[in-house]
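# Observations on chain architecture
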Amino acid sequence: PTVVTYASVAKGHAMRGEYEAASGVLDQMEADGVAPNVPTFHALLSVCARAGEADEALALLRRMEAAGGGGGGGGGGGSTLAYNLVIGCLLRRDRAAEAEALLHSMHAAGVAPDTVTFSSMISLSPGASTAPARAAEWLGAMKQLGLQPDAQCFNKVLACCARARLPELADEWLDKMEAAGVPPNLVSYSTTIAAYAKTAQPDEAAAVLRRMTARGIAPDTILLNQLLESLVRASRPAQAAALLSRFRRGELGPPPDCCSYTIVLSALAREGDVARAASWFRTMTAEDGIAPDLMCYNGLIRGFAGQGELDEAMRLYDRLRREGLSPDEWTYGPLLDGARAARASRLARSLGAQMLGPSP
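Presented here is a report on the structure given in the accompanying data block. (Residues numbered from 1 in each chain as written. Predicted model: local features only at pLDDT ≥ 70, side-chain atom pairs only at ≥ 80, totals over all residues. Heavy atoms only, no water.)

The next thing to look at is unusual backbone geometry. Although it is not a glycine, Asp 94 adopts a positive phi angle of roughly 60°. The class for Asp 94 is exposed, based on a relative accessible area of 71%. Positive phi, close to 60°, is recorded for Arg 165, a residue that is not glycine. The residue Arg 165 is located in the loop between α9 (151–163) and α10 (167–179) in this model. By relative accessible area, Arg 165 is classed as partly exposed at 45%. (Buried < 20%, exposed > 50% of the residue type's maximum accessible area, 1.4 Å probe, protein only. Helix = DSSP H or I, 4+ residues; strand = E, 2+ residues; numbered from the N terminus.)

Below is the structure:
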């Protein structure tokens, strides 16, 4: 058998989770004088990494390192790809300290890290409060090794800032990207706008949008939904509704989706303006032909039930069930509260029974 034959058998065992059997195939290869080569190890490591089997991946990497210099196109020690696969797997298993130690041992072994290596470390830095500073340190380490961070690396730093609810810091990193000669892309701007949305700063989010469009980058629906969310979080639902109108007219680029309408009508319903919320619902369904999802229905049901319009809330409840949607706690909660407030005990009992499902 050739190395390809052995590798195929070993990979088949690994894909079925039979890691001991896969290791046995490698043993048999060596006993038969056929040295596992780099593609063999890469294939097995890829399977282990995708399955989240960090210990098996580590064991394979150590074996690959030990095979360095083997004949017949042998492993030649660990490769950058091999280390990257194991580092990524460790990080996904929340084993960041081991991943960092492996990065250091990788460098000490003379295997050069690349942008993928550092990108993995940046994106999965532990602890939202410390992630931005740690991510910046990783970028600094890249530069010390002569590696130029690409847009993906910078975007992951921006994501760290967003997770830490530090949009101002993300905005500064946009400037640093440009200063480094790496033009921010749609993901860069969208991440920064999302960070401002989470902290209820719509004016700052809009400023980032203007900066983006001035550079010839068109927004997508997700980004525009983040602008709507920023206005809603800042208790400015009327402005959100006005922005949605512009959205519908095509002034901002792509058309709105169900999420766009849900953001606005849910905000209006929370404010008690159920008439306008219902109007937007009709516009979405009747004029734009967009099917509402459960979250959309729940926002409107909550509004009507909270305003004591229980009949309308129940009509929506019946409609969503006819459309094949399954009510959840966010559907039943407002309906039950509304039924109790109206002293409709029979309805409350009926809703409770439906929520619990059929008796065993």
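What follows deals with helix α3 (residues 38–51). Over its 14 residues, α3 extends 20 Å from the first C-alpha to the last, a length consistent with the 20 Å expected when each residue adds 1.5 Å. Three or more residues of α3 are buried, namely Thr 40, Phe 41, His 42, Leu 44, Leu 45, Val 47, Cys 48 and Ala 49. Packed against the buried residues of α3 are α1 (3–15), α2 (19–31), α4 (54–66) and α5 (80–92). Note on α3: the residue one or two positions beyond its end, Gly 52, has a positive phi of about 75°. (Expected span 1.5 Å × (residues − 1). Contact = heavy atoms within 4.5 Å.)

Position of Thr 192 relative to the elements: it lies in helix α11 (residues 186–198). Considered as a pair, Thr 192 and Cys 161 are 31 residues apart in the sequence and their alpha carbons are 8.4 Å apart.

Turning to the packing of α9 against α10, a few remarks are in order. For any two helices packed against each other, the geometry is given by the interaxial angle and the distance between the axes. Put simply, α9 and α10 touch, their axes get as near as 8 Å, and they point 165° apart. Classified by the interaxial angle, the pair formed by α9 and α10 is roughly antiparallel. You can see that α9 and α10 cross each other, and the crossing is right-handed. The segment α9 lies against α10, with Ala 151, Phe 154, Asn 155, Val 157, Leu 158 and Cys 161 engaging Leu 169, Ala 170, Trp 173, Leu 174, Lys 176 and Met 177. (Axes fitted to C-alpha atoms, helices over the stretch in contact; angles between N-to-C directions. Parallel < 35°, antiparallel > 145°, perpendicular 65-115°, else oblique. Left-handed = near helix turned anticlockwise from the far one by under 90°.)

On to the packing of helix α7 (residues 115–123) against α9. The geometry of α7 relative to α9 is characterised by a closest axis approach of 9 Å and an angle of 5° between their N-to-C directions. For the element pair α7 / α9, the angle class is roughly parallel. Between α7 and α9, the contacting residues are Thr 115, Ser 119, Ile 122 and Ser 123 on the first element and Gln 152, Cys 153, Lys 156, Val 157, Cys 160 and Arg 163 on the second.

For the structure shown, the criterion picks out 21 salt bridges. The partner of Glu 98 in a salt bridge is Arg 95, with the nearest N and O atoms 2.7 Å apart. For Arg 95, a relative accessible area of 21% gives the class partly exposed. Residue Glu 251 pairs with Arg 249 through a salt bridge whose shortest N-O separation is 2.8 Å. Judged by relative accessible area, Arg 249 falls into the exposed class, the value being 55%. Each of Asp 171, Asp 175, Glu 178, Arg 211 and Arg 215 takes part in a single network of salt bridges with overlapping partners. (Salt bridge = Lys/Arg side-chain N within 4 Å of Asp/Glu carboxyl O.)

Once that is clear, we can look at the packing of aromatic side chains. With the rule as written, the count across this model stands at five aromatic pairs. Pairing Tyr 261 with Trp 280 gives two aromatic rings, centres 6.0 Å apart and planes at 55°, and the pair type is tilted. Of this pair, Tyr 261 sits in helix α15 (residues 258–270) while Trp 280 sits in helix α16 (residues 274–287); the two residues are 19 residues apart in sequence, bridging distant segments of the chain. Like Tyr 261, the residue Trp 280 is buried in the burial classification. With centroids separated by 5.7 Å and ring planes inclined at 65°, the aromatic side chains of Tyr 317 and Tyr 332 adopt a geometry described as edge-to-face. In this pair, Tyr 317 is assigned in helix α18 (residues 310–322) and Tyr 332 in helix α19 (residues 329–341), connecting sequence segments 15 residues apart. Judged by relative accessible area, which is 5%, Tyr 332 ranks as buried. The side chain of Lys 176 reaches across the aromatic face of Trp 173, ending 4.2 Å from its centre. (Phe/Tyr/Trp six-rings, centres within 6.5 Å; stacked < 30°, edge-to-face > 60°. Lys NZ or Arg CZ within 6 Å of the ring centre and 35° of its normal.)

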